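Chain by chain, the residues:
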Amino acid sequence: MLIVQICIGSSCHLKGAPEIVEMFQAEIEKHQLENDVVLTGSFCAGKCNRSGVTITVNDDVYPGITIENFKEFFNEKILKPVRG
């Protein structure tokens, strides 16, 4: 089970957190990962970046996730570990 926390603090919100949340929801549904991934929001993760949103997967923190690099991130950090 992966626990994915998307920062929805003010900085990440302005950098696209709502869109990233929607993209996560769509990909989780598309790949039928509802029982494998817990998607939650968090306030400031303390890793603010010049661009993108900070996402924590279990205990690993990934700053700078954008709409443009989301698919690569999802495939590498979510799909690959779950599908192993």
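Structure's up top.
Heads up: these notes are all about the structure in this document.

Topic: a nonpolar patch on the surface
A grouping of Met 1, Ile 3 and Val 38 is seen on the molecular surface, where their side chains present a nonpolar patch of about 280 Å² in accessible area. Summarising the element assignment, Ile 3 is placed in strand β1 (residues 2-7). Residue class for Ile 3 comes out partly exposed when judged on its relative accessible area of 41%.

What about unusual backbone geometry?
Residues other than glycine seldom take positive phi values, yet Gln 32 does so here, at roughly 55 degrees. With a phi angle near 55 degrees, Asn 58 is a residue other than glycine that sits in the positive phi range. Looking at where Asn 58 falls in the secondary structure, it is placed in the loop between β3 (53-57) and β4 (60-65). Exposure remark for Asn 58: the relative accessible area of 36% places this residue in the partly exposed category.

Considerations on the sheet that holds β1
One open sheet accounts for 4 strands, arranged β2-β1-β3-β4; its pairing is mixed. Every interior strand has two partners, whereas the edge strands, β2 (37-42) and β4, have only one. On average, adjacent strands in this sheet sit at an angle of 25 degrees to one another, irrespective of strand direction. Bridge count for β3 against β4 is 4 bridges, and the pairing is antiparallel. Looking at β4, one finds that Val 53 is bridged to Ile 65. Of the strands in this sheet, β1, β2, β3 and β4 touch helix α3 (residues 70-83), which is tilted by about 155 degrees from β1.

A few points about the nonpolar core
In a soluble, globular protein the nonpolar side chains are often hidden away together inside. Counting 20 residues, the largest nonpolar core has Val 4, Ile 20, Phe 24, Ile 55, Phe 74 and Ile 78 as the members making the most contacts within it. Elements with a minimum of two residues in this core: β1, α2 (17-30), β3 and α3. If one sorts the elements of this core by residue count, α3 sits on top with 5 residues. Contact partners of Phe 74, with chain neighbours within four places excluded, come to Phe 24, Glu 27, Ile 28, His 31, Leu 33 and Leu 79.

Some words on the pattern of salt bridges
Tallied over the full model, the rule gives 2 salt bridges. Close ionic contact of Lys 80 with Glu 76 constitutes a salt bridge, the shortest N to O distance being 3.3 Å. Within this pair, Lys 80 and its partner Glu 76 are both found in helix α3, separated by 4 residues, close to a single helical turn. Accessibility expressed as a relative area gives 39% for Glu 76, which makes it partly exposed.

Reading guide: rules and limits
- Residues numbered from 1 in each chain as written.
- Predicted model: local features only at pLDDT ≥ 70, side-chain atom pairs only at ≥ 80, totals over all residues.
- Heavy atoms only, no water.
- Patch = residues over 30% accessible without salt bridge, like charges linked within 9 Å, V, L, I, M, F, W, Y side chains within 5 Å.
- Areas by Shrake-Rupley, 256 points an atom, 1.4 Å probe, with all protein chains shown as cover.
- Salt bridge = Lys/Arg side-chain N within 4 Å of Asp/Glu carboxyl O.
- Helix = DSSP H or I, 4+ residues; strand = E, 2+ residues; numbered from the N terminus.
- Buried < 20%, exposed > 50% of the residue type's maximum accessible area, 1.4 Å probe, protein only.
- Pairing = 2+ DSSP bridges.
- Axes fitted to C-alpha atoms, helices over the stretch in contact; angles between N-to-C directions.
- Contact = heavy atoms within 4.5 Å.
- Core = buried A, V, L, I, M, F, W, Y, C linked by side-chain atoms within 4.5 Å.

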